[in-house]
Amino acid sequence: MLKKIKETADFLKSKMLTQPRVAIILGTGLGNLAEQITDSISIPYGEIPNFPISTVEGHSGCLILGKLGGKDILAMKGRFHYYEGYDMKQVTFPIRVMKLLGIEILFVSNASGGVNPAYEIGDLMVINDHLNMFPENPLRGQNFEELGPRFPDMHEAYDKNLIALASEIAAENGIKLQHGVYAGTQGPTFETPSEYKYYRVIGADAVGMSTVPEVIVANHMGIKCFGVSIITDLGVPGNFVEVSHEEVQRMGNAAQPKMTLIMKEMVKRIG
Ligand code: HPA
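This one's a predicted model, so the numbers in the text were calculated from it and none came from an experiment.

Chemist: Before we move on, could you go through the pattern of salt bridges and cite the residues and values that matter?
Modeler: With the rule as written, the count across this model stands at ten salt bridges. Residue Lys176 pairs with Glu120 through a salt bridge whose shortest N-O separation is 3.8 Å. Of this pair, Lys176 sits in the loop between helix H4 (160-172) and strand E7 (177-184) while Glu120 sits in the loop between strand E5 (105-114) and strand E6 (124-132), and the two are 56 residues apart along the sequence. Between Asp123 and Lys176 there is a salt bridge, and its shortest N-O distance comes to 3.1 Å. Of the two residues, Asp123 sits in the loop between E5 and E6 while Lys176 sits in the loop between H4 and E7, which places them 53 residues apart along the sequence. Judged by its relative accessible area of 41%, Lys176 falls in the partly exposed class. Bridged by salt links that share partners, the residues Glu168, Glu172, Glu265, Lys268 and Arg269 form one connected network.

Here's what the structure looks like:
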C-alpha cells in the first residue's frame, strides 16, 4: 500500500507548482465550488496512477489544483463511495496521498438526510462529530506506523477551531448553520422510516453515505478535518417521504452557494 501511495503522490507532485495546505472533497451535486477555483489544472481520476475511478451519477471525477480565495488548494470533485463497490482502502486512498502531498487540513462536504426534527431541507449542518455505521473501519488490517498510530484518538475528529471559524463566517453573512452529528452508512438504500428513527435515537442529526471513512483516515494521519452536510431530505416522524438521488442532487445544488461562500472564506483566512 505504501509504495502505491508514494507512486501516486510522486506523480501528482510532478504536476504541482504550489504547496496547498488545504484539500476539499466535493460531494454529490456539490461540485460548483470547483468553478471558483482559479489558475487551476484538472486531472481526471482515470489519469492518476492507482486512483479508483468514480462511477456514481453526478460525479465527473477529477482532482483540481488551483487557488480558492487567493490560496492554494487541492480539490477532489467526486469521491469514492463504499456502495460503489470500492473497499475501504480504495475509498480512503486519496486521503493517504494527500498526506504525502503535505495537506494539513481537509474539508469534506456531503448531502445527507436530516433526522433532527428541527432541521429543514436546504439547511447546512456543520459536522461536530460522527457515528461510524459502516460495516467496517478503514484502519482495519496492518497499521503503518509511519502514517499513524494503531489506535488513533477520535475525541475531536472535527477540529473545534475550524468549526468556530465557520460559525463566525456564517454569522457575518447571515447564513443559518446547524451543528450536528453525522451518521455514515454504507447505503446505497436510503433509510426506511424505522432506520431514520433509529439513527435519531442513537444520537445522529443527519445520515449519509460517505465522509466517515475519509475523516477516520485523515485523523489517523493527523490531518485536521472540517465537514459540512447539506440537508437534502428529511427522515423525521410525521414527515417520511420518498427520497431520490435526483431530489438529493437538486436540493444539494440549491444550497451549494452558501456552502461555497463559507468554505471559500475559510480557506482565505487559514490557507
Ligand atoms: N440517507 C442517506 N444518505 C443520504 C440521504 C438520506 O436520507 N440524503 C442524502 N444522502
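Chemist: Mind laying out the site of the ligand, listing which residues take part and the relevant values?
Modeler: Surveying the vicinity of the ligand reveals the residues Ala111, Ser112, Gly113, Phe190, Glu191, Tyr196, Val207, Gly208, Met209, Thr232, Asp233 and Val248. For the ligand, an oxygen atom lies 2.6 Å from a polar atom in the side chain of Asp233. Computed on the free molecule, the ligand has an accessible area of 260 Å², of which 96% lies beneath the protein chains in the complex. Elements that contribute at least two residues to the shell around the ligand include exactly E5, strand E8 (206-208) and strand E9 (224-234).

Chemist: Summarise empty space enclosed by the protein; cite the residues concerned and give the values.
Modeler: Enumeration according to the criterion identifies three cavities of 30 Å³ or more in this entry. Considered as a void within the structure, the largest cavity measures approximately 60 Å³ in volume. If you trace the largest cavity, you find it lined by Met1, Lys89, Arg96, Pro138, Leu139, Arg140, Gln142, Asn143, Phe144, Leu147 and His220. Here the lining of the largest cavity is built from residues that sort into five nonpolar, three polar and three charged.

Chemist: Give me the layout of surface pockets: which residues, what numbers.
Modeler: The volume enclosed by the second largest pocket comes to roughly 150 Å³. For the second largest pocket, the full set of lining residues is Pro149, Pro152, Asp153, His155, Glu156, Ala157, Asp159, Asn219, Gly222, Ile223, Lys224 and Cys225. Residues that form the lining of the second largest pocket fall into these classes: five nonpolar, three polar and four charged.

Chemist: Go over a nonpolar patch on the surface, please, and point to the residues and values.
Modeler: A cluster of nonpolar side chains, namely Tyr198, Val201 and Ile202, defines an oily patch on the protein surface of about 300 Å² accessible area. Its location among the elements puts Tyr198 in helix H5 (residues 193-201). The partly exposed category is assigned to Tyr198, whose relative accessible area is 41%.

Chemist: Please give an account of H4 that cites residues and values.
Modeler: With 13 residues, H4 ought to run about 18 Å at 1.5 Å a step, and its terminal C-alpha atoms sit 18 Å apart, in line with that. Those residues of H4 not exposed but buried are Leu162, Ile163, Leu165, Ala166, Ile169 and Ala170. For H4, the angular spread of buried residues about the axis comes to 160°, placing them on one side. Exposed and facing more than 90 degrees away from the buried side of H4 are Lys160, Asn161 and Ala171. Summarising the contacts, the buried residues of H4 are in contact with E5, E6, E7, E9 and helix H7 (245-270). N-capping of H4 is provided by Asp159, with a side-chain oxygen placed 3.1 Å from the backbone N of Asn161. Immediately beyond the C-terminal end of H4, within one or two residues, lies Gly174, with a positive phi of roughly 65°.

Calculation notes
Residues numbered from 1 in each chain as written. Predicted model: local features only at pLDDT ≥ 70, side-chain atom pairs only at ≥ 80, totals over all residues. Heavy atoms only, no water. Salt bridge = Lys/Arg side-chain N within 4 Å of Asp/Glu carboxyl O. Helix = DSSP H or I, 4+ residues; strand = E, 2+ residues; numbered from the N terminus. Buried < 20%, exposed > 50% of the residue type's maximum accessible area, 1.4 Å probe, protein only. Near = heavy atom within 4 Å. Polar contact = N/O pair within 3.5 Å; in protein donor to acceptor, adjacent residues only side chain to side chain. Areas by Shrake-Rupley, 256 points an atom, 1.4 Å probe, with all protein chains shown as cover. 1 Å grid on protein atoms, 1.4 Å probe; cavity = no way out; pocket = protein on both sides within 12 Å on 5 of 7 lines; lining within 4 Å. Points joined across faces, edges and corners; volume = space filled by probe spheres on them. Nonpolar A, V, L, I, M, F, W, Y, C, P; charged D, E, K, R; others polar. Patch = residues over 30% accessible without salt bridge, like charges linked within 9 Å, V, L, I, M, F, W, Y side chains within 5 Å. Expected span 1.5 Å × (residues − 1). Arc of directions from axis to C-beta. Contact = heavy atoms within 4.5 Å.

Geometric descriptors of this kind do not, in isolation, establish any biological role.
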